[in-house]
Amino acid sequence: MTAIVVTAAPSADRESSPGAVLAVLSLAAFMASLDLFIVNVAFPEIGRNFSGSSLSDLSWVLNSYAVLYAALLVPLGRLADRYGRMAGFLGGLALFTIASAACAASPNLWSLVAFRGLQAVGAAALTPTSLGLLLAATPAERRVRAVRSWAAIGALAAASGPVIGGLLVQASWRWVFIVNVPVGLLGLAAARRFVPDSRDATVTRIPDLLGALLIAVGIGALALGLVKGPHWGWSSSADVVAFVVAAVGIGGFWMRSCRHPLPVVEPALLRVRAFAWSNVTAVLFSVAFAGGLLAAVLWLQDVWHWSALRTGLAIAPGPLMVPVFAGVSQRIAHRVRVGHLAAIGCVTFAAGTALVAIRVGAHPSYVGDFLPGWLIAGVGVGFALPTIISAATADLPPARSATGSAVVMMARQIGIALGVALFVAVVGMPQGFSAVQTAFRGAWWATAGASLLGAVTALGMTPPPTPPVVLQTAVPTPRAGTDALVEATRTISTERPQFEPDQIAQAICVGLCLALAAILLVLAGV
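Small disclaimer: the values here were computed from a predicted structure and weren't measured. (Residues numbered from 1 in each chain as written. Predicted model: local features only at pLDDT ≥ 70, side-chain atom pairs only at ≥ 80, totals over all residues. Heavy atoms only, no water.)

As a further point, take the overall build of the protein chain. The number of helices and strands found in the protein chain is 20 helices and 2 strands. By the burial criterion, 58% of the 526 residues in the protein chain qualify as buried. Sequence separation of 24 or more characterises 86% of the internal contacts of the protein chain that already satisfy a separation of 6 or more. (Helix = DSSP H or I, 4+ residues; strand = E, 2+ residues; numbered from the N terminus. Buried < 20%, exposed > 50% of the residue type's maximum accessible area, 1.4 Å probe, protein only. Contact = heavy atoms within 4.5 Å.)

So, in structure tokens, the structure goes:
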């Protein structure tokens, strides 16, 4: 694991039990990770509540969060490094909690979109600072275990998110956001009681906040052009302006990155082949993942007319495959080139998505038509995602490895925003079942195509058989609050797993049993 500078400043009236610190900070991380799945499950119900809203308008409930989270993740973490991670964490958690309450009380769609953006700002602040505080408060000999536990929360949120979202939506979609309020208040009180503050006194520069704004505007305008294309017309002046703004925003972001002393993305990193191709693959695979997830949720609820709970149970077996086969991929990583392993995952995901597209029809047949492809897609995610993350930093100098991981996470969020936009653009506004089925199949095939493109770019991820590139740039060393964000994932992804074959077999059996339980509940008509 990369050495990270941490400077703790514990308060005299605050106990700093490592176990309590881990529990508090993991709870906050769980809230942020859970959001993706529970809001996706609630998405159709939100659309029905705000009747008259088009799918392109509704997509901003998801995209406003993804775009702002991606743009602000690194800058807000670096600000917290300079001014104090506890202030960043408490401010982020408080904003996330308040914004959640505001989301639940939203009287119309666009107020919900605005409050979702505030949620993203809070999540972008609390996520990196939570890990930075954890590293500062944990003794060196226990950090690897603590980081593993913190990172495992994301997998738990992914596996439980569809079911939790389904249960909450049974009462109202507003409960998807209300549930964050008591959890957030508990986290605020516990953090002030148990978590010591920390900061890095060597950080003196302000990160490139203007660059973060430019990339948010650029990606947001690109998503706007995609989702409004079918309605405005692809050659309409409004759509052309959106794409021009996207080009200007992304171009301005790149110019700022080349000139700013502390940019969001360090251009010198992109000279490292494995890092550059890993980021391209992360964007493409996230496009496929986000589009596939949204297509599945909308098909089950709006076409098959299943309840949110039944949909959540039907979705759950796919995410349950991810941690199981992530362990399998780690086990064989020393025998298969990393680029080939990621490509296998991308192709597997594309195959599963294509199978769903081919099989599903007007009459619900979960086990025969939907489940096989969905399980195969989950296996693909398990092979591809951890491999992409670990390959990004494998050929970087130690002082840049955690920074590289944070950039990959940013790339993933950009891909999620573009994946939702691509789905909306391909589906358009169909009328009647035949048109709807054709539109969804087109979206699934587009999703599979993005994943296959990811398989091609993944082949460039394997580091060349030469010494790593030494980057000659005057950029400070990684800081715990910012660049440790995905160091947790990197630690899990790159180290040899501690599982024996029988333990892997047990993990697979547990995952399959949980998947089977979800299937039986779906078939029972819950």
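Read on, since the account is not over.
Time to look at the nonpolar core. As a rule of thumb, soluble globular proteins bury nonpolar side chains together. Ranked by size, the top nonpolar core spans 142 residues in total, and within it Phe-89, Phe-370 and Phe-423 carry the most contacts. Sequence-distant contacts of Phe-89, that is, excluding residues within four places in its chain, are made with Leu-25, Ala-28, Leu-126, Thr-129, Ser-130, Leu-133 and Ala-191. One finds Val-324, Val-328, Leu-341 and Phe-383 within the second-largest nonpolar core, a separate group that totals 9 residues. (Core = buried A, V, L, I, M, F, W, Y, C linked by side-chain atoms within 4.5 Å.)

Given a rise of 1.5 Å per residue, 24 residues ought to cover 34 Å, and the 32 Å separating the end C-alpha atoms of helix H9 (residues 209-232) matches this to within 8%. Of the residues flanking the end of H9, it is Gly-233, one or two places downstream, whose phi is positive at about 100 degrees. (Expected span 1.5 Å × (residues − 1).)

The topology assignment puts Arg-259 in helix H10 (residues 237-259). Judged by relative accessible area, which is 68%, Arg-259 ranks as exposed. Separated by 51 residues in sequence, Arg-259 and Asp-208 place their C-alpha atoms 10.0 Å apart.

Attention now goes to the packing of aromatic side chains. What the rule picks out here adds up to 15 aromatic pairs. Where Trp-173 meets Phe-177, the ring centres are 6.1 Å apart and the plane angle is 85 degrees; that geometry is what we call edge-to-face. Comparing Trp-173 with Phe-177, the two get one shared label, buried. A connected cluster of aromatic rings, assembled from ring pairs, spans Trp-299, Trp-304, Trp-306, Tyr-366, Phe-370, Trp-374, Phe-423, Phe-433, Phe-440 and Trp-444. The ring of Phe-194 carries Arg-193 above its face, with NZ or CZ at 5.2 Å from the centroid. (Phe/Tyr/Trp six-rings, centres within 6.5 Å; stacked < 30°, edge-to-face > 60°. Lys NZ or Arg CZ within 6 Å of the ring centre and 35° of its normal.)

As a further point, take unusual backbone geometry. The phi dihedral of His-305 is positive, around 60 degrees, even though this residue is not glycine. Summarising the element assignment, His-305 is placed in the loop between helix H11 (273-303) and helix H12 (308-315).

Positionally, Thr-281 belongs in helix H11. Since its relative accessible area comes to 0%, Thr-281 is described here as buried. The spacing of Thr-281 and Arg-412 is 131 residues in sequence and 9.1 Å in space, taken between C-alpha atoms. A polar atom in the side chain of Thr-281 sits 3.4 Å from the backbone nitrogen of Ala-458. (Polar contact = N/O pair within 3.5 Å; in protein donor to acceptor, adjacent residues only side chain to side chain.)

Turning next to the pattern of salt bridges. Applying the stated criterion across every chain, the model contains 6 salt bridges. Of the charged contacts, one joins Glu-45 and Arg-48 as a salt bridge, the two residues approaching to 3.3 Å between their closest N and O atoms. Residue Glu-45 and its partner Arg-48 are both found in helix H1 (residues 18-49); the two are separated by 3 residues, about one turn of the helix. For Arg-48, the salt bridge goes to Asp-302, with nearest N and O atoms at 2.9 Å. Of this pair, Arg-48 sits in helix H1 while Asp-302 sits in helix H11, and the two are 254 residues apart along the sequence. Residue Arg-48 is classed as partly exposed on the basis of its relative accessible area, which comes to 43%. On the basis of relative accessibility, which here comes to 35%, the residue Asp-302 falls in the partly exposed class. One network of salt bridges, with partners in common, ties together Glu-45, Arg-48 and Asp-302. (Salt bridge = Lys/Arg side-chain N within 4 Å of Asp/Glu carboxyl O.)

Attention now moves to the environment of Gly-449. The topology assignment puts Gly-449 in helix H17 (residues 433-458). Judged by relative accessible area, Gly-449 falls into the partly exposed class, the value being 28%. Spatially, the C-alpha atoms of Gly-449 and Ala-288 are 8.0 Å apart, while their sequence positions differ by 161 residues.

Okay, a nonpolar patch on the surface next. Judged by side-chain polarity, Leu-210, Leu-213, Val-217, Val-241 and Val-245 come together as a nonpolar surface patch covering roughly 390 Å² of accessible area. If you tally residues by element for the nonpolar patch, the top one is H9, at 3 residues. On the secondary structure map, Val-241 appears in helix H10. (Patch = residues over 30% accessible without salt bridge, like charges linked within 9 Å, V, L, I, M, F, W, Y side chains within 5 Å. Areas by Shrake-Rupley, 256 points an atom, 1.4 Å probe, with all protein chains shown as cover.)

This part is about the packing of H1 against H11. When two helices pack together, their arrangement is given by the angle between the helix axes and the distance between those axes. The interhelical angle for the contact between H1 and H11, taken along N-to-C directions, is 45 degrees, at an axis separation of 10 Å. Considered as vectors, H1 and H11 are oriented oblique to each other. For the crossing formed where H1 meets H11, the hand is right-handed. Counted together, Leu-36, Phe-37, Asn-40, Val-41, Phe-43, Pro-44 and Arg-48 of H1 and Phe-289, Leu-293, Leu-294, Val-297, Leu-298, Gln-301 and Asp-302 of H11 form the full contact between these two elements. Of the residues assigned to the contact of H1 with H11, the class counts are 10 nonpolar, 2 polar and 2 charged. (Axes fitted to C-alpha atoms, helices over the stretch in contact; angles between N-to-C directions. Parallel < 35°, antiparallel > 145°, perpendicular 65-115°, else oblique. Left-handed = near helix turned anticlockwise from the far one by under 90°. Nonpolar A, V, L, I, M, F, W, Y, C, P; charged D, E, K, R; others polar.)

Let us look at the confidence of the model for the protein chain. Averaged over every residue, the pLDDT of the protein chain is 82; the share at 70 or more is 81%. Low pLDDT (under 50) marks residues 1-13, which in the prediction has 33 contacts with non-local residues, meaning those over four places away or in another chain. Between residues 468-509, whose pLDDT stays under 50, and residues either more than four places distant or in other chains, the model counts 115 contacts. (pLDDT = per-residue confidence, 0-100.)

All right, on to H1 then. The terminal C-alpha atoms of H1, which comprises 32 residues, lie 44 Å apart, in line with the 46 Å expected from a rise of 1.5 Å per residue. At Phe-43, H1 is bent by approximately 45 degrees, the largest bend along its length, and proline Pro-44 sits one to four residues beyond. (Bend = angle between axes of the 7 residues up to and from the residue.)

Take Ser-451: it is sitting in helix H17. Of the residues examined, Ser-451 reaches a relative accessible area of 0% and is grouped as buried. Excluding residues within four positions of it along the chain, Ser-451 makes contact with Phe-285, Ala-288, Cys-346, Phe-349 and Ala-350.

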